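What follows is the residue order along each chain.
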Amino acid sequence: MLCFMKQRCRPGWLASLALTVTLGLTGCAVSPTGERTLLLNSSTQMNELGSQSFEQMKEKIPIETDARTNRYVECVSDAIVMQVPRKYGYAPQDWELVVFKDKAVNAFALPGGKIGVYTGMLQVANTQHQLASVIGHEVAHVLAQHSNARMSQQQLTQLGIVATSIALADRVDTKTQQAAVMALGLGAQYGILLPYSRKHESEADMLGQELMAQAGFDPREAVTLWQKMAQKGGAAPPELLSTHPAPGTRIRQLDSQVSKYMPLYQQALAAGRKPDCDRLRPR
Ligand SMILES: [Zn+2]
């Protein structure tokens, strides 16, 4: 909606429009798979946010104290982060891993190099290769700056809603205005944010499968893991599925990429990268 000469232009609306355009021009970046993406927040801001959220989680969720379980997850995680290309700005020692003692089938990684794995995930991802596919995927979200992109999209959506609300302010009554803003909010959520998020999932799958293969984990087990996750859906779906939808599409894509990543896996083995993380091995 634009203002014309005869209509009364509201400075707030124009300022918002100008801000939107400015942000759009300054925040464009290219993702690891070549997608244009809008990043409105600096890496420093995102890393701080990631670290703060991680500290809060460590206070709220019990932390696994069993040394063998911790060593097992660390072994897999270390092998993955060793393969992160330096262009992403992370050295292997920059990553912090915490194993949370919680039945939820869940795992995540946050900007700033924070990795969280729930013990419930170890029941489903029950080989080192499957666990590597989960950690690889989560680390890939961080490398591709998906939290920043998702947040930027939300910020832009909120800006649009505020701008429209200001533009409508003197033409319709408050109730109609509120309904319009609500509809816009819902439209934005279902129309823009969700497909965006599936694109991120697909990108994290690709990058994660590549990382695991380079670390010496079998990329075919990423397919197995997601098949198991899909089977566990239904009445009590794994926590991870709430943020990682479309298992059918995901399994097909992971499967189609196996032939591409098998040579990387073979090369890793030939180069002596053969992770041997055994959860049950006596120490
Ligand atoms: Zn994901």
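All values reported here derive from a predicted model rather than from experimental measurement.

Chemist: Give a description of the overall build of the protein chain that names residues and reports values.
Modeler: Scanning the protein chain from N- to C-terminus turns up 10 helices and five strands. At a minimum sequence separation of 6, the contacts of the protein chain that also span at least 24 residues come to 73%. Surface exposure of the protein chain reaches about 14700 Å², of which carbon and sulfur atoms provide 56%.

Chemist: Break down the nonpolar core for me, with residues and values.
Modeler: By size, the foremost hydrophobic cluster in this structure holds 48 residues, and its most contacted members are Ile-80, Trp-95, Leu-131, Ile-135, Val-139 and Leu-143. Within the residue set of this core, elements represented by two or more residues are helix H3 (67–81), strand S4 (107–110), strand S5 (114–118), helix H4 (119–124), helix H5 (128–143), helix H7 (174–214), helix H8 (220–231) and helix H10 (247–270). Top element by residues in this core is H5. It accounts for eight residues. Beyond its immediate chain neighbours, meaning those up to four positions away, Ile-80 contacts Ala-132, Ile-135, Gly-136, Val-139, Leu-211, Met-212, Ala-215 and Phe-217. Core analysis: the second largest hydrophobic core is formed by eight residues, Val-98, Ala-104, Leu-110 and Tyr-118 among them.

Chemist: I'd like a description of the sheet that holds S5, backed by residues and values.
Modeler: Within the open sheet, the three strands sit side by side as S3-S5-S4. Their pairing is mixed. In the strand order of this sheet, the two ends are held by strand S3 (96–100) and S4, each with one partner. Averaged over all neighbouring strand pairs, the angle between strand axes comes to 15°, with direction disregarded. Relative to S5, S3 runs parallel, the two sharing five bridges.

Chemist: Please set out the packing of H3 against H5 residue by residue, giving values where relevant.
Modeler: The geometry of H3 relative to H5 is characterised by a closest axis approach of 9 Å and an angle of 55° between their N-to-C directions. Of the possible angle classes, the one that applies to H3 and H5 is oblique. Handedness of the H3/H5 crossing: right-handed. Contact residues: Tyr-72, Val-73, Val-76, Ser-77, Ile-80 and Val-81 in H3; Gln-128, Leu-131, Ala-132, Ile-135, Gly-136 and Val-139 in H5. Among the residues making up the contact of H3 with H5, the classes are represented as nine nonpolar, three polar and no charged.

Chemist: Can you lay out H10 for me, pointing to particular residues and giving the numbers?
Modeler: Between its terminal C-alpha atoms H10 stretches 32 Å, which fits the 34 Å expected from 24 residues at 1.5 Å a residue. At Ser-259, H10 shows its largest kink, close to 50°, and the proline Pro-263 lies no more than four residues downstream. The complete set of buried residues in H10 reads Arg-250, Ile-251, Leu-254, Gln-257, Val-258, Tyr-261, Met-262, Tyr-265 and Ala-268. Looking one or two residues beyond H10, the residue adopting positive phi is Gly-272, at roughly 90°.

Chemist: Which residues make up the pattern of salt bridges, and what values do they have?
Modeler: Inspection of every chain in the model, using the stated rule, returns seven salt bridges. Of the charged contacts in the structure, one is a salt bridge between Glu-96 and Lys-58, with a shortest N-O distance of 2.6 Å. With Glu-96 in strand S3 and Lys-58 in helix H2 (residues 43–60), this residue pair connects regions lying 38 residues apart in the sequence. The residue Arg-220 makes a salt bridge to Asp-218 at a minimum N-O spacing of 2.9 Å. In the salt-bridge network here, residues are joined through shared partners; they are Glu-55, Lys-58, Glu-96 and Lys-114.

Cut-offs and rules
- Within each chain, residues carry numbers counting from 1 in the order of the written sequence.
- Reporting of local features is limited, given that this is a predicted model, to residues whose pLDDT is at least 70; pairs of side-chain atoms are given and counted only at 80 or more, and all residues count toward the totals for whole chains, interfaces and linings.
- For the side-chain quantities, the full set of heavy atoms in the structure was used; hydrogens and water were omitted.
- Note on conventions: DSSP H or I runs of at least 4 residues are helices, E runs of at least 2 residues are strands, and numbering of each starts at the N terminus.
- Only heavy atoms matter for contacts: two residues are in contact if any of them lie within 4.5 Å across the pair.
- Where accessible areas are quoted, they stem from the Shrake-Rupley method and a 1.4 Å probe; at the residue level, only the protein chains shown are allowed to cover.
- Grouping buried Ala, Val, Leu, Ile, Met, Phe, Trp, Tyr and Cys residues that are joined through side-chain atoms within 4.5 Å yields what is termed a nonpolar core.
- For every residue, the accessible area (1.4 Å probe, protein chains only) is compared with the maximum for its type, and the residue is labelled buried under 20%, exposed over 50%, or partly exposed between those bounds.
- A pair of strands is labelled paired if DSSP reports no fewer than 2 bridges between them.
- An axis is simply a line fitted to the C-alpha atoms; with a helix, the fit covers only the stretch in contact. Between two such axes, the angle follows the N-to-C directions and lies from 0 to 180 degrees.
- Angles are sorted into four bins: roughly parallel if under 35 degrees, roughly antiparallel if over 145, roughly perpendicular if 65 to 115, and oblique for all others.
- The handedness criterion is simple: a crossing whose near helix is rotated anticlockwise from the far helix by less than a right angle is left-handed, and one whose near helix is rotated clockwise is right-handed.
- Note on residue classes: Ala, Val, Leu, Ile, Met, Phe, Trp, Tyr, Cys and Pro are nonpolar, Asp, Glu, Lys and Arg are charged, and everything else, Gly too, is polar.
- One less than the number of residues in a helix, times 1.5 Å, gives the span that helix is expected to have.
- To get the bend at any residue, fit one axis to the seven residues that end at it and another to the seven that begin at it, then take the angle between the two axes.
- The rule for a salt bridge is simple: a side-chain nitrogen of Lys or Arg has to be within 4 Å of a carboxyl oxygen of Asp or Glu.

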